[in-house]
Amino acid sequence: MSDFGILAFGAYVPITRLQRSSIHATNGWFAGGLRGLAKGEKAVANWDEDSVTMAVEAARDALEGLDRATVQRVAIASTTLPFADRQNAGIVKEALNLPDAVGALDVAGSQRAATSALLAALGGHETTLVAAADLTTPKPASEREMTSGDAAAAVLVGTGTPIATLVASHSVTMDFVDHFREAGEAHDYDWEARWVRDEGFARIMNPAIAALLKKAGIEGAAIDHFLVSVAVKGVPEMLAKKAGIGEGAVADTLGANLGHAGAAHALVMFTAALEKAKAGERILLASFGQGCDLLLFEVTGAIGSVKPRIGLSGWLARRIESSNYAKYLFHRGLLPLDRGMRAEHDSKTALTALWRNRKAVLGLVGGRCTKTGTVQFPKSEVSVNANDHAVGTQEDYPLAEVPAKVMTWTADALTYSPDPPSYYGNIDFVGGGRMMTEFTDFAGDALDVGADLRMMFRIKAYDENRGFRRYFWKAAPAF
Amino acid sequence: MAKGIRDKVAILGMGCAKFGERWDKDEDQLMLEAYEEAMADAGIETSQIDAAWLGAAFDAQNIGPSGIPLAVALRLPDIGVTKVENYCASGTESFRGAVYAVASGACDIALAMGAEKLKDTGYGGLPVRTRGTTHDMIGITGSAPGNFAQLASAYRGVHGVGKDDLKRAMAHVSVKSHANGAKNPKAHLQKAVTMDQVLNAPMIAEPLGLFDCCGVSDGAACAIVTTPEIARSLGKTDIVTVKALQLATSNGWEMQASGWNGSYFHTTRVAATKAYDEAGITDPRSQLSLIEVHDCFSVTELVTMEDIHISKEGQGWRDVLDGFFDADGQIPCQIDGGLKCFGHPIGASGLRMIYENYLQLLGRAGERQRQDNPVFALSHNLGGMPNQNVSSIAIIGRADA
């Protein structure tokens, strides 16, 4: 068996689950036809998340317990990358505190970007972290708004003891435009669903699946997990039937409790399958977008030995229900609330200072005094130790994965926040080090002195004047 | 230790503008208002001033940079004018500059002005401010109440004080200051409030409600200082001298190391200890006659009672509830109404506090005058946030004490 394949996997789902009934409650008067989709919930990113931050979380989930220095390349796949010209994978790399000597690439432009990135990694020879994330902003009252959700997933591909290896793959490319979004536009434009189903999914994917099975020399019945990253109900079942794949093999598309995470969805489904797959099982991963990518994996005996830290199931279990559709619209820039003069504060970033401090800002790397052992954030030339202000003794001390506790806190209703009140306070890292930071993803009265925290990579501020977003680490409830 | 400042400098005159929403005045007019009162008190001419210091914090919103705005407002005779900025300690910093100039012998008479025009921002609360390009990338963009509110969560955690007990003690602080401010015609807010009003007010930053927060105001205050000898030569017989001036600035220990528990101001404790030493005060609880502390928020005043070594650690809230700091208590705190009722024009506050102490020491505080012949009066300023700040202590007293 090949020693090159999938080494690890992880996922991420934002904590808020917007109830689809609340969307329909607002829009139903106008778009009554959406009633049939007004069931279940969708994961929606917080105001301080984007595809980069979600990819970072999925990657952290996948890299749990692994030596990050083994990563040689980072790829991020998304159709909603925050920067059109600034390598998004580079931000992910810094947040993960990977060595500078890594390659990086952004893969975009299609719903099958993630599988294309994965195929490229599997076709290479480097240890590659493939992360995928999408944060879609469908038009209000659209069918896409009902069916989409925000999520991310990541897999590590490389040499070692794989948990799954690629048996065969097949790709088809043709400019079938079922929907599109012009560069710089917020919303997708969708063509008729029935045409997409019959002329797209069926006519393009059926023969491609047959070709893949032929390449692999197996029958459809040999597939144990059939993953079709398509939001339209019944399509996976239709494709399975045609290919002779058993009904029981058709994987849940996660529509009821997550929604379709765009280009990330194929990897999200893949990590869901890996969570429950058993040695010897075959996984057929299919994604669609101007053709399709089909990847056939065989699960190895190592499958039980590598688990994500939280996994898709863990992230799905961590949830806060919301029926606040207006808040969702505001966070997506679709409802221009009066934000008040405090929101006019200029958040210009000095790119020179960001470069100098990139490890502290993007990687949450503090300092540890090699003489006294004092841990501090940020790192400084002169130690903060009250009894020994040693000079030049500090070494890098990464804090992002270190658990922390609340030392002080407040809920501030005066300062501008897109999600008031703004929670922030001083936190203590276990084993030393402290900082004042914002809290995120807290709900109700969970926040109190001594509460356990987990650091998360988030958007700190939007510089609307220049189209820049500033990232930093915030404290979220540990779980 | 250095010999210190004690009795080397006398206050020749002081003045204070009416604080409030001074829609009618620009910053130069507010400074003039304070200056004219101070000059009338001092009995000197502008030409006799050797140097001046201006304390102001928010350049962009009001007074502008440098010492020029003060020199222009008062048409000073081309003397050295320096602007100082040290967050909310800026007013006391201007006083420190003037006092040190006189004490050094470099000047015979020096002027300290503190001023701030905050009501031209268009919204309530302090303007949002950058703390520098690097800090802004990792620091929080909170508000002043949000920063100081954290004292309460930590104080409760450290001392095991119940949420309701602490909230009641905080409310007492505000009720007391409003009662005092109601007797002060220069205060911004001159209306008494009840416990219920304070306890049930809208939340600004948990657990600080509206009445736990000081107001945002326009204002200016001014001091003219000289040596005791010159003061006497100018005909002054009842002389108030500077007993101590101390400033302590965080070096990052509270925010970055692990020794601080979040419930107190390390710098205030350091500055207070040094100030008492400089002033020759050995037991502040029995020796201080009255105090003006930096009550930007009720919880700040409460923990400051411990930080200036008057209340025992963890017991300040009990002293507050016992009325120890009420106008008729043993040591009145904010007998003029404090920041709570004057509001907090950043650069002016430190001098406004010294102004009240000065009036009380001279028996000129009118309806609110303490009748027990005050001897030592302390004022305290605090800038920044609990985990990184500037604390200043100024003790003035009767020259013969």
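Residues numbered from 1 in each chain as written. Chains lettered and ligands numbered in written order. Predicted model: local features only at pLDDT ≥ 70, side-chain atom pairs only at ≥ 80, totals over all residues. Heavy atoms only, no water.

Novice: Mind showing me how you'd approach the overall build of chain A here?
Specialist: If you tally the helices and strands in chain A, you get 12 helices and 23 strands. Against the compact-globule benchmark of 23 Å for 479 residues, chain A has a radius of gyration of 23 Å, which places it among compact chains. By its C-alpha atoms, chain A is 75 × 60 × 35 Å across when sized along the principal axes. Here chain A holds 479 residues, and the buried ones make up 58% of them. A separation threshold of at least 6 residues defines the contact pool for chain A, and within that pool the share at least 24 residues apart is 73%. (Helix = DSSP H or I, 4+ residues; strand = E, 2+ residues; numbered from the N terminus. Rg over C-alpha atoms; globule rule 2.2 N^0.38 Å. Buried < 20%, exposed > 50% of the residue type's maximum accessible area, 1.4 Å probe, protein only. Contact = heavy atoms within 4.5 Å.)

Novice: Teacher, can you tell me more about the UniProt feature "domain: Beta-ketoacyl-[acyl-carrier-protein] synthase III C-terminal" (unreviewed entry) in chain A here?
Specialist: Mapped onto this structure's residue numbering, the UniProt feature "domain: Beta-ketoacyl-[acyl-carrier-protein] synthase III C-terminal" (unreviewed entry) falls at residues 213–292 of chain A. Annotation note: span residues 213–292 of chain A, helix share 31%, strand share 16%, distance between end C-alpha atoms 14 Å. (UniProt positions renumbered as here; feature names shortened; annotations may be inferred.)

Novice: How should I be thinking about helix α10 (residues 266–279) of chain B in this particular structure?
Specialist: Since the α-helix packs 3.6 residues into each turn, any two residues three or four apart lie on the same face. All names here are of chain B. Here α10 spans 20 Å end to end across 14 residues, near enough to the 20 Å set by a 1.5 Å rise per residue. Of all the positions in α10, only Thr 267, Thr 268, Arg 269, Ala 271, Ala 272, Ala 275, Tyr 276, Glu 278 and Ala 279 are classed as buried. Of the surrounding secondary structure, the elements contacted by the buried residues of α10 are β8 (240–249), α9 (253–256), α11 (284–287), α12 (298–307), β10 (376–385) and β11 (388–398). Just downstream of α10, Gly 280 is the residue with a positive phi angle, here 75°. (Expected span 1.5 Å × (residues − 1).)

Novice: In this structure, what is going on with the pattern of salt bridges? I would like to understand it.
Specialist: Once the charged atoms of two side chains with opposite charge are near each other, the side chains can pair. Across all of its chains, the model carries 60 salt bridges over all chains by this definition. Notably, a salt bridge pairs Lys 474 of chain A with Glu 438 of chain A, separated by 3.9 Å at the nearest N-O pair. Residue Lys 474 of chain A is found in strand β23 (residues 468–477), and its partner Glu 438 of chain A is found in strand β21 (residues 434–438); the two are separated by 36 residues along the sequence. Overall, the relative accessible area of 3% leaves Lys 474 of chain A in the buried class. In this structure, Asp 24 of chain B and Arg 22 of chain B form a salt bridge, with 3.2 Å as the shortest nitrogen-oxygen distance. Linked by salt bridges that have partners in common, Asp 48, Glu 49, Arg 318, Glu 438, Asp 441, Arg 458, Lys 460 and Lys 474 of chain A make up one network. (Salt bridge = Lys/Arg side-chain N within 4 Å of Asp/Glu carboxyl O.)

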